[in-house]
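Coordinate inspection notes
Next come the chains, spelled out residue by residue.
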2 protein chains.
Amino acid sequence: MAAYIEPKVLKGFRDFLPDMEITRKSLIENMENTFRLFGFLPIDTPALEYAEILLGKGGGETEKQIYRFKDNGERDVALRFDLTVPFARFTALHREELIFPFKRYHIAKVWRGENTQRGRYREFTQCDFDIIGSESAACDFEIILLIRTIMKNLGVDVNIHVNHRGLFNRFLSHIGQSEKSVEALRVVDKLAKTGADETCKNLTELTGEENARKILEYTGAKGSFTEILDKMTELSGGPSPESQRLFELRQYMLDYICDDTDNLILDPSITRGLDYYTGVVFETFMKEMPDIGSVCSGGRYDNLAGLYSKDASISGVGTSIGLDRLIAALESLGKLPAANKRAAAIACVNQDRAGLYQALAQKLRLSGIQCEAFTDSCPSGGNEKQLVKQFILAEKKGIRYVLIPGSNPLTDKITLRDIASRKNSEFTIDEIIKEIKKSV
Amino acid sequence: MAAYIEPKVLKGFRDFLPDMEITRKSLIENMENTFRLFGFLPIDTPALEYAEILLGKGGGETEKQIYRFKDNGERDVALRFDLTVPFARFTALHREELIFPFKRYHIAKVWRGENTQRGRYREFTQCDFDIIGSESAACDFEIILLIRTIMKNLGVDVNIHVNHRGLFNRFLSHIGQSEKSVEALRVVDKLAKTGADETCKNLTELTGEENARKILEYTGAKGSFTEILDKMTELSGGPSPESQRLFELRQYMLDYICDDTDNLILDPSITRGLDYYTGVVFETFMKEMPDIGSVCSGGRYDNLAGLYSKDASISGVGTSIGLDRLIAALESLGKLPAANKRAAAIACVNQDRAGLYQALAQKLRLSGIQCEAFTDSCPSGGNEKQLVKQFILAEKKGIRYVLIPGSNPLTDKITLRDIASRKNSEFTIDEIIKEIKKSV
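When helices and strands are tallied, chain A shows 16 helices and 16 strands. Computed over its C-alpha atoms, the radius of gyration of chain A comes to 29 Å, more than 25% above the 22 Å expected for a compact globule of 440 residues. In chain A, which comprises 440 residues, the share counted as buried stands at 57%. Across chain A, contacts joining residues at least 24 apart in sequence account for 68% of those joining residues at least 6 apart.

Within the largest apolar cluster, 72 residues are counted, with the highest numbers of intra-cluster contacts made by L48 and L79 of chain A together with L48 and L79 of chain B. In contact with L79 of chain B, not counting residues within four places along its chain, are L48 and L79 of chain A together with A47, L48, L54, I66, Y67 and W111 of chain B.

It is worth spelling out the packing of aromatic side chains at this point. All names here are of chain A. According to the stated counting rule, one finds 25 aromatic pairs over all chains in the structure shown. Between F168 and F171, the aromatic rings sit 6.0 Å apart at their centres with planes inclined by 40°, giving tilted as the arrangement. Here the residue F168 and the residue F171 both occupy positions in helix α6 (residues 165-174), the gap between them amounting to three residues, near one helical turn. When its relative accessible area of 1% is taken as the criterion, F171 is described as buried.

This part covers the sheet that holds strand β14 (residues 401-404) of chain A. Residues and elements named next belong to chain A. The sheet built from five strands is open, its strands ordered β13-β12-β14-β15-β16 with mixed pairing. A single partner strand is all that each edge strand has here, and the edge strands are β13 (371-373) and β16 (423-427). Each strand of the sheet is rotated relative to its neighbour by a mean of 25°, with strand direction disregarded. One ladder, built from five bridges, connects strand β15 (residues 414-418) with β16; its direction is antiparallel. The partner of T415 across the bridge, within β16, is E426.

Looking now at helix α16 (residues 429-439) of chain B. All names here are of chain B. Looking at α16, one finds that the buried residues are I429, I432, I433 and I436. One side of α16 carries all its buried residues, which in axial view fall inside an arc of 100°. More than 90 degrees from the buried face of α16, the exposed residues found are K434 and K438. Considering only its buried residues, α16 is in contact with β12 (344-346), α14 (354-366), β14 (401-404), β15 (414-418) and β16 (423-427).

Next up on the list: the packing of helix α6 (residues 165-174) of chain B against helix α7 (residues 181-189) of chain B. Residues and elements named next belong to chain B. Contact pair α6 / α7: the axes reach a minimum separation of 11 Å and the direction vectors enclose 120°. Between α6 and α7 the crossing geometry is right-handed. Contacts between α6 and α7 involve R165, F168, N169 and L172 from the first element and S181, A184, L185 and V188 from the second.

Turning next to the interface of chain B and chain A. Across the boundary between the two partners, chain B contributes 102 residues, which contact 102 residues of chain A. Each partner contributes to the roughly 9100 Å² buried at the junction of chain B and chain A, and carbon and sulfur atoms together form 62% of this total. The three residues of chain B that bury the most area against chain A are I5, L10 and L37 of chain B, which together make up 8% of that side's buried surface. When the shortest N-O distance is used, the salt bridge between K25 of chain B and E32 of chain A registers 3.1 Å.

Next up on the list: the confidence of the model for chain A. Residues and elements named next belong to chain A. For chain A, mean pLDDT is 90; residues scoring 70 or higher make up 94% of the total. For chain A, per-element mean pLDDT is lowest for helix α8 (residues 191-194), which scores 80, and highest for strand β2 (residues 48-50), which scores 98. Overall fold confidence (pTM) sits at 0.94, and the ipTM for the predicted complex is 0.93.

All right, on to the pairing of strand β5 (residues 102-111) of chain B then. Residue and element names in this part refer to chain B. In terms of burial, β5 is a largely internal element, ten of the ten residues being buried. Neither face of β5 is left uncovered, since the one carrying F102, R104, H106, A108 and V110 and the one carrying K103, Y105, I107, K109 and W111 both have all their residues buried. Judged from the two bridges that link them, strand β1 (residues 41-42) and β5 form a sheet pairing that is parallel. When the sheet's bridge partners are listed, P42 is paired in β5 with Y105.

Turning to the pattern of salt bridges, a few remarks are in order. All names here are of chain A. Applying the stated criterion across every chain, the model contains 60 salt bridges over all chains. Of the charged contacts in the structure, one is a salt bridge between R24 and D324, with a shortest N-O distance of 3.2 Å. Note that R24 is positioned in helix α1 (residues 18-37) and D324 in helix α13 (residues 323-332), a separation of 300 residues in sequence. D324 shares its class with R24; the two are buried.

Our focus in this paragraph is the relation of the copies chain B and chain A. The operation relating chain B to chain A is a screw motion whose rotation component is 180°, with 0.0 Å of axial translation and a residual RMSD of 0.1 Å. Expressed as a symmetry operation, the mapping of one chain copy onto the other fits a two-fold axis. No C-alpha of chain B approaches the rotation axis more nearly than that of F69 of chain B, which lies at 3.1 Å. Same-surface contact between copies: 100% of interface residues of chain B are shared with the interface of chain A.

What follows is about the environment of Y256 of chain A. All names here are of chain A. Within the fold, Y256 resides in helix α12 (residues 241-257). Residue classification places Y256 among the buried positions, given a relative accessible area of 11%. Linking Y256 and L145, residues 111 residues apart in sequence, is a C-alpha distance of 9.5 Å.

Moving on: the sheet that holds strand β11 (residues 316-322) of chain A. All names here are of chain A. In space, the eight strands of this open sheet follow the order β1-β5-β6-β11-β10-β9-β7-β8, with mixed pairing throughout. Sheet topology places β1 (41-42) and β8 (264-266) at the edges, where each strand pairs with a single neighbour. With ten bridges joining them, strand β5 (residues 102-111) and strand β6 (residues 123-132) adopt antiparallel strand pairing. Bridging from a neighbouring strand, I107 pairs with C127 of β6. Set on the sheet, α12 makes contact with β7 (158-164), β8, β9 (277-286) and β10 (296-301); between it and β7 the angle comes to about 160°. Seen against the sheet, α13 touches β6, β9 and β11 and runs at an angle of roughly 55° to β11.

Quick look at the environment of H161 of chain B now. All names here are of chain B. In this fold, H161 is placed in strand β7 (residues 158-164). Each C-alpha atom of the pair H161 and I144 lies 9.7 Å from the other, and the pair is 17 residues apart in sequence. Not counting residues up to four positions away in its chain, the partners in contact with H161 are I265, D267, I270, V281, F282, E283 and F285. Polar contacts involving the side chain of H161 include one to the side chain of D267, which spans 3.4 Å.

What follows is about the packing of α1 of chain A against α13 of chain A. Residues and elements named next belong to chain A. The N-to-C vectors of α1 and α13 enclose an angle of 105°; their axes lie 12 Å apart at closest approach. With respect to α13, the axis of α1 lies roughly perpendicular. Between α1, through M20, R24, L27, I28 and M31, and α13, the contact on the second element is made entirely by L323, D324, L326, I327 and L330. Of the residues contributing to the contact of α1 with α13, the split by class is eight nonpolar, no polar and two charged.

Tracing the sequence through the fold places F247 of chain A in helix α12. Along the backbone, F247 of chain A and L229 of chain A are 18 residues apart, and their C-alpha atoms lie at a distance of 7.6 Å.

Definitions and limits used
- Residues numbered from 1 in each chain as written.
- Chains lettered and ligands numbered in written order.
- Predicted model: local features only at pLDDT ≥ 70, side-chain atom pairs only at ≥ 80, totals over all residues.
- Heavy atoms only, no water.
- Helix = DSSP H or I, 4+ residues; strand = E, 2+ residues; numbered from the N terminus.
- Rg over C-alpha atoms; globule rule 2.2 N^0.38 Å.
- Buried < 20%, exposed > 50% of the residue type's maximum accessible area, 1.4 Å probe, protein only.
- Contact = heavy atoms within 4.5 Å.
- Core = buried A, V, L, I, M, F, W, Y, C linked by side-chain atoms within 4.5 Å.
- Phe/Tyr/Trp six-rings, centres within 6.5 Å; stacked < 30°, edge-to-face > 60°.
- Pairing = 2+ DSSP bridges.
- Axes fitted to C-alpha atoms, helices over the stretch in contact; angles between N-to-C directions.
- Arc of directions from axis to C-beta.
- Left-handed = near helix turned anticlockwise from the far one by under 90°.
- Buried area = accessible area lost by both parts, 1.4 Å probe.
- Salt bridge = Lys/Arg side-chain N within 4 Å of Asp/Glu carboxyl O.
- pLDDT = per-residue confidence, 0-100.
- Least-squares fit on C-alpha atoms with pLDDT ≥ 70 in both.
- Polar contact = N/O pair within 3.5 Å; in protein donor to acceptor, adjacent residues only side chain to side chain.
- Parallel < 35°, antiparallel > 145°, perpendicular 65-115°, else oblique.
- Nonpolar A, V, L, I, M, F, W, Y, C, P; charged D, E, K, R; others polar.

Next comes the structure, spelled out in structure tokens:
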């Protein structure tokens, strides 16, 4: 027995076989079409960067999960673990070459040594999009609208929950708890997971009973968008630029769809854990499947590239879609696009005629019909049994039509086998092209 | 001064800004359309694999260039350095799930710690395609035809040079030099680089004067495809399955294009350095730019996954295109697709109307027109200077039309600014959609 190496992939990594890869590509294409319609532009950055750049201030979970090593030149390098940090570095480096406001999208793989027991992958695809270089509320609105349109084009209706980090901080400041901001955010962030009682207990420990009650009153405000906003405004000490921003978003949405709607929901309990958000934050829930959690979250930040540039700070608003989670959700909903069926194949009746069969296939391809020429299982002259084998192969491959060429297929009639109906008919090649184009 | 991290990328790595990334995506899309028309299916594999799997028998250049490290679980892992080795591992692992003959393509990044002084990148994109599970000459022909069609669809005419590794080995065996096969191949492979004299000297050292003369007679055979093939057949001891295979390819090409042609050139000096080729090998040269060398090389192998499976050996034929080299060549030829120009933008006249402007933009997008709504530089009420700024922004962004909305843009006439002609006209939104669709 010859020694051989066991073929296996690393834990948390996956091969994509054709059906799944076709589905992934078609989803990505769908999303890219929407980005382009909105005037968003693609960028790409290296998979590998200086570890110092990716880790930034470092610490925490990231440091534990990142794939970091010394390269052959003894450089301290790492694989990117998200697309946000590389975008910040990209922006600092290319600031002079970009036209602001800059709208970009980036769909690419990232790597994290996650605990795979929680069903997480160590290699996964993210889709980020941001508008940077503008503080306008119109940009916040555009990102929200873009999320809505992307999901709509994937066949999914969503509710987008918004909040304002700055307004929450203003409220904390108003009740004299501004120095507790980070911890309070963290406790509130876990509200849905830990429940109201636990949250109340934790907040009481942090800020005292009276303040905990106020914080829960703020984050638990109920009613219509306007009623909640009024409550938040009142509790944070009256009208402010932050409450005005939320009011504008609501107003834009009304102007946009000319009708009251529940699509945009004000939810004062959303905080988004990440430190760098400073303005509007949002989460996106599928109407048919809210329980899987937010499929697209993000917000406004006021200093994207500050870590890499001592000059002007660049503000922006952006968000991230985890492609793998989205695919899992679409699959549960039965909304994954089916792998494109291939239209036609040329049966191999006589292997010596391979050139002719390719010429025939090429004629179909030039008409935009996917067509392959079978190359095997065909003893010279062909016989019924060999043809049946090729019909079975076509069926396995999801091919609808098989052309069975005679001696002069480019001029004479050809037998067309419809794999679905198991019927044969005789046509010229031009008639076949018309026939197939009608049905696929 | 705040401490900050210098924003830089690793040597040999690149950011892709929007214009280049759009070009790259459009090239890849063009190639994928051709693959699909031929019935080739996409797959993907992890960027990171067990080092043992990627290195296989190991040694040589690969071992020096590969990015290899210990992950957090102390596994010996590495970044893929090509797409062939992962495909071999993929095939061994998923053999039961694939339908043979299996036609796949794979376009993805690979990483090699190359010497960047030779203008090489350490992160680059490869495009591989193969047909595996068939020994048919029709598959060899299909790969050659696919290369030709891919290049044609990119606007490039090519000559494809073919040879047969097995026939060369048969010839060496015929002159009693079969044990020198690998070294002889290596010397001949460098023929174009080192010149005839040096090659003759090296061959003489290796095989003696008489044999060196015969080898050079074989590799230097001149004339038409048929004349060269006759010479090769004679020198290798008469007709053989290998010479028959070359004859078939020629015959298929004649059947295919119904005409004699120079597109397929028999070149007995091609060997393709890689050990695993056993049958037909080929190289592809751009007719307008032969000097940059082969843009797409490959061949037939008889045991793709042998390293990873003790069972059945899988033969196939395939090839690889280096996307970066192809892009450089297309750029020199002025054949790079231009970055898609965006069609339209909505000027921001009154920021309070952002919702309405998005509704207007969305109306264009739903008609398939790329449209963004400007979000800034617009003091309430708007004035000429602010509009001029937005025209300049549109021009920089390559946007052809700017819509200047009045109070009721969805019903009243709108001013349409043609950035190219610098002319304004008045239209309803439906007329504008027609107008823009006519011109882009």
